[in-house]
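If you want the building blocks of each chain, they are given just below.
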Amino acid sequence: MWPIVGLSYGTVLGLAAAFGGFPAFALVLVLGLVGFVAGRAMEGEIDLAEMFTRRSA
């Protein structure tokens, strides 16, 4: 399944770059990364609380 997701994401990035220029490409890339991290957090594969809390030394 993941190769198909990667292929479709790459296609969307290519279309954004071709028709919208670099700002559209960058926006699609950033939103895709945010969605990827959110999906990993929802699946429980990463812990965002651990990532964003400060640790006292």
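Please read all numbers here as calculations on a predicted model, not as lab measurements.

### Side note on the overall build of the protein
Along the protein, the regular secondary structure elements total two helices and zero strands. For the protein, the C-alpha radius of gyration of 15 Å lies well beyond 10 Å, the compact-globule estimate for 57 residues. The principal-axis extents of the C-alpha atoms in the protein amount to approximately 50 × 30 × 15 Å. For the protein, the computed accessible surface area is about 4900 Å², with 72% contributed by carbon and sulfur atoms.

### A few points about the UniProt feature "transmembrane region" (unreviewed entry) in the protein
Feature annotation in UniProt places "transmembrane region" (unreviewed entry) on residues 12–38, given in this structure's numbering. In the segment residues 12–38, helix accounts for 100% and strand for 0%; the C-alpha atoms at its two ends are 19 Å apart.

### Some remarks on a nonpolar patch on the surface
Together, Phe36, Val37, Ile46, Met51 and Phe52 make up an exposed nonpolar region whose accessible area comes to about 500 Å². The set of elements that each furnish at least two residues to the nonpolar patch consists of α1 (2–43) and α2 (48–52). Here phenylalanine 36 lies in helix α1.

### So, the environment of glutamate 43
Its location among the elements puts glutamate 43 in helix α1. Its relative accessible area of 62% is what places glutamate 43 among the exposed residues. In sequence terms glutamate 43 and phenylalanine 22 are 21 residues apart; their C-alpha atoms lie 31 Å from each other.

### Overview of the packing of aromatic side chains
Tallied over the entire structure, the rule returns one aromatic pair. Ring centres 6.2 Å apart and planes at 35 degrees place the aromatic pair phenylalanine 22 and phenylalanine 25 in the tilted group. Residue phenylalanine 22 and its partner phenylalanine 25 are both found in helix α1; the two are separated by three residues, about one turn of the helix.

Each value, and the rule that gives it
- Residues numbered from 1 in each chain as written.
- Predicted model: local features only at pLDDT ≥ 70, side-chain atom pairs only at ≥ 80, totals over all residues.
- Heavy atoms only, no water.
- Helix = DSSP H or I, 4+ residues; strand = E, 2+ residues; numbered from the N terminus.
- Rg over C-alpha atoms; globule rule 2.2 N^0.38 Å.
- Areas by Shrake-Rupley, 256 points an atom, 1.4 Å probe, with all protein chains shown as cover.
- UniProt positions renumbered as here; feature names shortened; annotations may be inferred.
- Patch = residues over 30% accessible without salt bridge, like charges linked within 9 Å, V, L, I, M, F, W, Y side chains within 5 Å.
- Salt bridge = Lys/Arg side-chain N within 4 Å of Asp/Glu carboxyl O.
- Buried < 20%, exposed > 50% of the residue type's maximum accessible area, 1.4 Å probe, protein only.
- Phe/Tyr/Trp six-rings, centres within 6.5 Å; stacked < 30°, edge-to-face > 60°.

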